[in-house]
Amino acid sequence: MQLDALKALATADRRIVDLFAKDATRAGSFSASTGDLLFDYSKTQIDEDVRAALLQLCEDAGLATRRDAMFAGKKINETEGRAALHTALRNLDGGPVDVDGQDVMPGVLDTLHRMRVFAEEVRGGAIAGARGSFTDVVNIGIGGSDLGPVMATHALAPYHDGPRVHYVSNVDGAHIADTLRPLDPARTLVIVASKTFTTIETMTNARTARAWMSEGGGDPSRQFAAVSSALDKTQAFGIPEAHVFGFADWVGGRYSVWGPVGLPVMIAVGSNAFDAFLRGGQAMDLHFRSADWVENMPVMLALVGIWHRQVLGRTSRAVLPYDQRLLRLPAYLQQLEMESNGKSVAMDGSSLAVPSGPVVWGEPGTNGQHAFYQLIHQGTDVIPCEFMVAADGHEPELTHHHRLLLANCLAQSEALMRGRSLDEARERMAEKGLDGDELDRQARHRVFPGNRPSTTLIYPKLTPFVLGQIIALYEHRVFVEGVLLGINSFDQWGVELGKELANSLGPVVDGVASADDKDGSTAALVAYALKHRNQE
């Protein structure tokens, strides 16, 4: 990535409010839209010259060629020799998509049809538990097999008209114990989501759930389903083939909510709402493939990220949805961004010459305002913020709540940009009757530096279609950033080493193997755990 021209434009004293003073139409010029979504990035230090230089990065990196290769099913995940074709899962109206000379769309559409039939039969009671129709569904997965459907299930709560849906991911026994305790084992459907059916956390929880069901009068042979491509293992576990939904290795875990991994979401909201979710993602795909770069929402979102992280050196990014039902979106995007672009090696195997992705974090507003916004407003580090908010809520009787929510969201981005000067703070303290040294001391605590950047994504209402647009938007943003950085966004080797060491430590913490070959710290911690195990 050629950043020299951009860094030359990165003047620290450029104030965002001055950019608005120079250009009364800035908000319209520095925004992008598609459908009813509006992405406003005018509250950043990006001006015409900076944007032109950022857009040139797209040309220099061959972004269009790389994008088209992804949609065409080329093996752009070069370290694993795979395509990255999650977009095919939502290609409801598109043409054939070839992988290794074979059109994958008939298989995708057939699996989607099977999902619809299964979900509607569960919802309608045709598929039932040992003592009647299902009241609850428990999805057992981890990582992409958990974060995506958890996020979507919360987001689409107004559309829930099926069984209650719960999620278990952590191998900590507390998670599955607390989830299963209030449920009826004879009226609970368990979905085990693991492509290989070997993920240790997922399979440990699955076996615990099976024992719970058997002991409680349920029937695992009819009350278990699987999202997996390992039919031999699912059969050995006792799950009928009709209850197994597989997906190809060209769908990465963190990109998989669009397919069988989204089965619990479909059961919760119904196949029609799930189809609307897919169509939202498809609409964003079409926009990404056709819009000019400057009007292309995923591209501009990515370029804002490049500007803040790689040019200005901002090490973290706050995602701040002013929508309680998007409470799991920051965690979902955390995985999407940090597992995809948390790399230090370029595609050609050389060391990455620029910083890779930022730390992504956040919480819903207005909760965050009473927690960490203090640091965002007055801390020593500048943290770019990404706000998102709906123009309207789902509860017409609580419109006054939503208006207050919207006002808070817009006020926070304005406050971050404007700040409060020392003179303004002194004036406020003088009005309170302070003078002299005490006035000055108190005023300094009330100074807000301002000039802190933010973007805002605003949409009419959080519907299944809009949720699909938002998730696909961020998927493509991560892809664009990866292309510009010259890295592979679709592998995740960084998660492997810890898994390998955990497997080797299993017998040690069980007390059946020695810790002599471990470092002193690990050996001491194992000794402590063995000494205090099973003690009250």
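Our structure's up above, just so we're on the same page.
A brief report on the enclosed structure follows. Since we're looking at a predicted model, the values are computed, not measured.

1. Brief notes about the environment of F71
Argument step 1. Here F71 is to be found in helix α5 (residues 63-71).
Argument step 2. For F71, a relative accessible area of 8% corresponds to the buried category.
Argument step 3. As for F71 and V97, which are separated by 26 residues in sequence, their C-alpha atoms are 7.8 Å apart.
Argument step 4. Leave out the neighbours within four places in its chain, and F71 touches L85, T87, V97, D285, F288, R289 and H476.

2. A few points about the sheet that holds strand β6 (residues 164-168)
Argument step 1. Spatial ordering of the open sheet is given by β6-β5-β7-β8-β9, a layout of 5 strands whose pairing is parallel. One side of each edge strand has no neighbouring strand; the edge strands of this open sheet are β6 and β9 (244-245).
Argument step 2. Of the pairings in the sheet, the one linking strand β5 (residues 136-140) to strand β7 (residues 188-193) comprises 5 bridges and is parallel in character. Note that in β7 the partner of I140 across the bridge is V192.
Argument step 3. Contacts from helix α7 (residues 144-155) reach β5, β6 and β7, with the element oriented near 150° to β6.

3. Focus: the pattern of salt bridges
Argument step 1. With the rule as written, the count across this model stands at 29 salt bridges.
Argument step 2. Residue E48 pairs with R51 through a salt bridge whose shortest N-O separation is 3.2 Å. Taken together, the residues span about one helical turn, with E48 and R51 both in helix α4 (residues 48-60) at a distance of 3 residues.
Argument step 3. Assessed through its relative accessible area of 48%, E48 is described here as partly exposed.
Argument step 4. A salt bridge links D440 to R444; its shortest N-O distance comes to 2.9 Å. Here D440 pairs with R444, and both are found in helix α19 (residues 436-445), just 4 residues apart, close to one helical turn.
Argument step 5. Connected through salt bridges with shared partners, the residues R317, E337, E386, R477 and E481 form a single ionic network.

4. Regarding the side chain of Q45
Argument step 1. Mapped onto the secondary structure, Q45 falls in the loop between β2 (37-40) and α4.
Argument step 2. A polar contact is formed between the side chain of Q45 and the backbone oxygen of R14, at a distance of 2.5 Å.

What counts as what
Residues numbered from 1 in each chain as written. Predicted model: local features only at pLDDT ≥ 70, side-chain atom pairs only at ≥ 80, totals over all residues. Heavy atoms only, no water. Helix = DSSP H or I, 4+ residues; strand = E, 2+ residues; numbered from the N terminus. Buried < 20%, exposed > 50% of the residue type's maximum accessible area, 1.4 Å probe, protein only. Contact = heavy atoms within 4.5 Å. Pairing = 2+ DSSP bridges. Axes fitted to C-alpha atoms, helices over the stretch in contact; angles between N-to-C directions. Salt bridge = Lys/Arg side-chain N within 4 Å of Asp/Glu carboxyl O. Polar contact = N/O pair within 3.5 Å; in protein donor to acceptor, adjacent residues only side chain to side chain.

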